[in-house]
Amino acid sequence: KWIISTNKTATSPGRIYVSSDYGATWTVSAPAGNISYEVVAISGDGAYLYSGVNSGSVYRSTNLGSTWTAVAALGVSPDDWGDISMSEDGQIVTASYNDTTLYISTDYGATWTDRTPPFSAADMVFLYACVASDGESIVSTASTNQFFLS
């Protein structure tokens, strides 16, 4: 039932939109200002939202985007965010950027660890990661048509 989306364009910063009725209606949940929300993910029950923002940080909301808290300063350039994903309950979170780096948090975003798959950045580009709903498995992809399973 929950859907979340960003709308960043070349001329406007990314805002976050949330729908609780399968996309029939949408509400702006990210506050206006200098923050541009680049990538976003929502937990299965809507309790947690995570977003990579233009300052290079990861932000978390626990109230459907009414307020946001910076939980990690990963130093990502604004246009370098790749993806952000999480387990069903929001405990396990992955954030990828710069096409080569994968960070993982296993404690609701409190701490982050570099878990980039073992490949040479010159040989392949890391694209996305997906966390299983139970948080037990993480799959990442690379431009050489390889999958990495953790």
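Residues numbered from 1 in each chain as written. Predicted model: local features only at pLDDT ≥ 70, side-chain atom pairs only at ≥ 80, totals over all residues. Heavy atoms only, no water.

Caption draft 1: Just the overall build of the chain, in detail. Tallying secondary structure elements over the chain gives zero helices and 14 strands in all. Across the chain, helices and strands are ordered from the amino to the carboxyl terminus as β-β-β-β-β-β-β-β-β-β-β-β-β-β. Buried residues in the chain amount to 44% of all 150 residues. For the chain, restricting intrachain contacts to residue pairs at least 6 apart in sequence, the fraction spanning at least 24 positions comes to 33%. (Helix = DSSP H or I, 4+ residues; strand = E, 2+ residues; numbered from the N terminus. Buried < 20%, exposed > 50% of the residue type's maximum accessible area, 1.4 Å probe, protein only. Contact = heavy atoms within 4.5 Å.)

Caption draft 2: Layout of the side chain of Ser-105. Within the secondary structure, Ser-105 sits in strand S10 (residues 101-105). In this structure the side chain of Ser-105 is engaged in a polar contact, spanning 2.9 Å, whose partner is the backbone oxygen of Thr-111. Contact partners of Ser-105, with chain neighbours within four places excluded, come to Gln-91, Ile-92, Val-93, Ala-110, Thr-111 and Trp-112. (Polar contact = N/O pair within 3.5 Å; in protein donor to acceptor, adjacent residues only side chain to side chain.)

Caption draft 3: Representation of the environment of Ser-96 in the model. Mapping Ser-96 onto the fold places it in strand S9 (residues 93-97). The class of Ser-96 is buried, set by a relative accessible area of 2%. As a C-alpha pair, Ser-96 and Gly-82 span 14 residues in sequence and 5.1 Å in three-dimensional space.

Caption draft 4: Structural context of the confidence of the model for the chain. Per-residue confidence for the chain averages 74 on the pLDDT scale, and 60% of its residues sit at or above 70. Ranking the elements of the chain by mean pLDDT puts strand S14 (residues 146-149) last, at 54, and strand S6 (residues 57-61) first, at 87. (pLDDT = per-residue confidence, 0-100.)

Caption draft 5: How the structure looks around the pairing of S9. Of all five residues in S9, five are buried, a share of seventy percent or more. Of the two faces of S9, the one carrying Val-93, Ala-95 and Tyr-97 and the one carrying Thr-94 and Ser-96 are both buried. Inspection of the sheet shows strand S8 (residues 81-86) paired to S9 by five bridges, in the antiparallel sense. The residue of S9 that forms the bridge with Ile-84 is Ala-95. (Pairing = 2+ DSSP bridges.)

Caption draft 6: Layout of the packing of aromatic side chains. Under the definition given, this model contains two aromatic pairs. Three or more aromatic residues link up through ring pairs in this structure, and these residues are Tyr-48, Tyr-50 and Tyr-108. (Phe/Tyr/Trp six-rings, centres within 6.5 Å; stacked < 30°, edge-to-face > 60°.)

Caption draft 7: Representation of the nonpolar core in the model. With 15 residues, the main nonpolar core has Val-58, Leu-74, Trp-81, Ile-84, Ala-95 and Trp-112 as its most contacted residues. Of all elements in the fold, only strand S4 (37-42), strand S7 (69-73), S8 and S9 reach the threshold of two or more residues within this core. Dropping the residues within four chain positions of it, Trp-112 is found in contact with Val-58, Val-71, Ala-72, Leu-74, Val-93, Thr-94, Ala-95, Tyr-103, Ile-104 and Ser-105. With nine residues, the next largest nonpolar core counts Ile-16, Val-40, Leu-49 and Tyr-59 among its residues. (Core = buried A, V, L, I, M, F, W, Y, C linked by side-chain atoms within 4.5 Å.)

Caption draft 8: Structural view of the sheet that holds S10. The four strands are arranged S8-S9-S10-S11 in an open sheet whose pairing can be described as antiparallel. The two strands at the open ends of the sheet, each matched to only one other strand, are S8 and strand S11 (113-114).

Caption draft 9: Representation of unusual backbone geometry. Here Tyr-22, not a glycine, exhibits a phi torsion of approximately 60°, which is positive. Structurally, Tyr-22 is set in the loop between strand S2 (16-19) and strand S3 (27-28). Accessibility expressed as a relative area gives 63% for Tyr-22, which makes it exposed. In this structure, Leu-64 takes a positive phi of about 60° despite not being glycine. Position of Leu-64 relative to the elements: it lies in the loop between S6 and S7. Judged by its relative accessible area of 29%, Leu-64 falls in the partly exposed class.

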